[in-house]
Amino acid sequence: MSTVTPFGTRLREAMDTRGPLCVGIDPHAALLAQWGLADDIAGLERFSRTVVEALADSVAVFKPQAAFFERFGSRGVAVLERTVADARAAGTLVVMDAKRGDIGSTMAAYASAFLDPASPLFSDALTVSPYLGYGSLKPAVDLARESGAGLFVLALTSNPEGAEVQRAVREDGRTIGATMLAHLAAENAGAEPMGSFGAVVGATLGDLSSFDLDINGPLLAPGIGAQGATAADLPAVFGKAVRNVVPNVSRGVLKHGPDTAALRASAAAFAEEIRAAVSA
Ligand SMILES: O=C(O)c1cc(=O)[nH]c(=O)n1[C@@H]1O[C@H](COP(=O)(O)O)[C@@H](O)[C@H]1O
């Protein structure tokens, strides 16, 4: 058993003290250009450092999107390592958005890359894809438990194409998405104040009352801002589970850079809209 405080406990505390907003660190080429930065390592480094410096003391969670760093090769990955380390050193939780998923033996290697505290890319939590079968994620679940880290499992994604897989109905009458939520509820059973095994559930999906979102764990909700959802939509989408929602905004905040005051103002405005919606 890990002596580290579990991710679910650390996340709940961060949500309670800072509010639940997660800001995505997604250095799109178009955003680098908009910020007046070159589409190169120096631009990537400046972008990431600016976001962390502007927001590390105010938001609960950062979610760096690994692909935007990997496209620069090993030097981009080095920037990702520094971004994760700087954010964690500043006291902000980091959810690595790498959406990993593979057969069990290979999944163990992905897990050690992001969930072993000895790894340079060690993060507080990792996004994972369960579409090789939920059981294939076991090495990541086991290592997360051991290291006090968490997972966010893609259950009902924000993109319209996700429905063809996630809303498909199994022989037992349940959808695939509902099945993933049930696996997570089992994983989190008994955890207080909540478990470390979250689901990704898009804020764009409209009424989800046909799904049991009560998984005793966090619900990472991307889709606010650039994908068209708003903070005001959250109660209608998530119902009572809204208390466990961690809304993610990436481009909606990032488009206000490189001015740090404008980045802070945008994140604060989203945080306030979320607070008002959730407490209404
Ligand atoms: O796992 C994710 O983070 C994710 C899942 C999902 O269903 N939809 C989704 O948009 N995301 C990620 O959330 C971020 C959304 O970015 P914006 O649309 O710019 O706010 C991107 O990094 C996406 O990869």
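This is a predicted model, so every value here is computed, not measured.

Looking at this structure, I do not really get the pairing of strand S6 (residues 197-201). What am I missing?
Here is the key point about a regular strand: its side chains alternate between the two faces of the sheet. With five of five residues buried, S6 is to be regarded as a mostly interior element. Along S6, one buried face is formed by Phe197, Ala199 and Val201 and the opposite face, lined by Gly198 and Val200, is buried too. In terms of strand pairing, strand S5 (residues 150-156) meets S6 through five bridges, oriented parallel. In the sheet register, leucine 156 faces S6, and the bridge partner there is valine 201. Inspection of the sheet shows S6 paired to strand S7 (residues 219-221) by two bridges, in the parallel sense. Each residue of the ladder has a partner; that of valine 200, found in S7, is leucine 220.

Sorry, what's going on with the nonpolar core here?
A general trend in soluble globular proteins is that nonpolar side chains are found buried together. If you look at the biggest cluster of nonpolar residues, it comprises 77 residues, and the most contacted ones within it are Phe62, Leu115 and Phe238. Looking at which element gives the most residues to this core, the answer is helix H3 (residues 41-55), with seven residues. With residues up to four places along the chain from it excluded, the contact list for leucine 115 reads Phe122, Ser123, Leu126, Ala140, Leu143, Ala144, Ser147, Ala149, Gly150 and Leu151. Leu11, Ala14, Val61 and Val246 belong to the second-largest nonpolar core, a separate cluster that totals 16 residues.

How should the packing of H3 against helix H5 (residues 74-89) be read in this particular structure?
Two measures define how a pair of helices packs: the angle their axes make with one another and the distance between the axes. Interaxial distance between H3 and H5 falls to 10 Å at its minimum, and their mutual angle equals 10°. One finds that H3 runs roughly parallel with respect to H5. H3 and H5 meet at a crossing whose hand is right-handed. Judged by residue contacts, Ile41, Leu44, Glu45, Ser48, Arg49 and Val52 of H3 engage Arg75, Gly76, Val79, Arg82, Thr83, Asp86 and Ala87 from H5. For the contact of H3 with H5, the per-class residue count stands at five nonpolar, three polar and five charged.

Sorry if this is basic, but what is going on with the sheet that holds strand S4 (residues 125-128) here?
Adjacent strands of a sheet form backbone hydrogen bonds with each other and so pair up, either parallel or antiparallel. Pairing is parallel around the closed barrel formed by eight strands, whose spatial order is S1-S2-S3-S4-S5-S6-S7-S8. For this sheet, the mean inter-axis angle between neighbouring strands, taken without regard to orientation, is 30°. Contacting strand S2 (61-64), strand S3 (93-100), S4, S5 and strand S8 (245-249), helix H1 (residues 7-18) crosses the sheet at an angle of about 125° to S3.

Please explain unusual backbone geometry as it appears in this structure.
Working note: non-glycine residues mostly have negative phi, and peptide bonds are mostly trans. With omega at -5°, the peptide bond leading from glutamate 192 into proline 193 counts as cis. Along the polypeptide, proline 193 turns up in the loop between helix H9 (176-187) and S6. Put simply, glycine 257 and proline 258 share a cis peptide bond, and its omega is 10°. Tracing the backbone shows proline 258 in the loop between helix H11 (251-254) and helix H12 (260-279). Positive phi is not limited to glycine here, since lysine 99 has a value of about 45°. With a relative accessible area of 40%, lysine 99 lands in the partly exposed category. Although it is not a glycine, asparagine 216 sits at a positive phi angle of roughly 50°. With respect to the secondary-structure elements, asparagine 216 resides in the loop between S6 and S7.

What counts and how
Residues numbered from 1 in each chain as written. Predicted model: local features only at pLDDT ≥ 70, side-chain atom pairs only at ≥ 80, totals over all residues. Heavy atoms only, no water. Buried < 20%, exposed > 50% of the residue type's maximum accessible area, 1.4 Å probe, protein only. Helix = DSSP H or I, 4+ residues; strand = E, 2+ residues; numbered from the N terminus. Pairing = 2+ DSSP bridges. Core = buried A, V, L, I, M, F, W, Y, C linked by side-chain atoms within 4.5 Å. Contact = heavy atoms within 4.5 Å. Axes fitted to C-alpha atoms, helices over the stretch in contact; angles between N-to-C directions. Parallel < 35°, antiparallel > 145°, perpendicular 65-115°, else oblique. Left-handed = near helix turned anticlockwise from the far one by under 90°. Nonpolar A, V, L, I, M, F, W, Y, C, P; charged D, E, K, R; others polar.

Function cannot be inferred from these measures alone, as they are strictly geometric.
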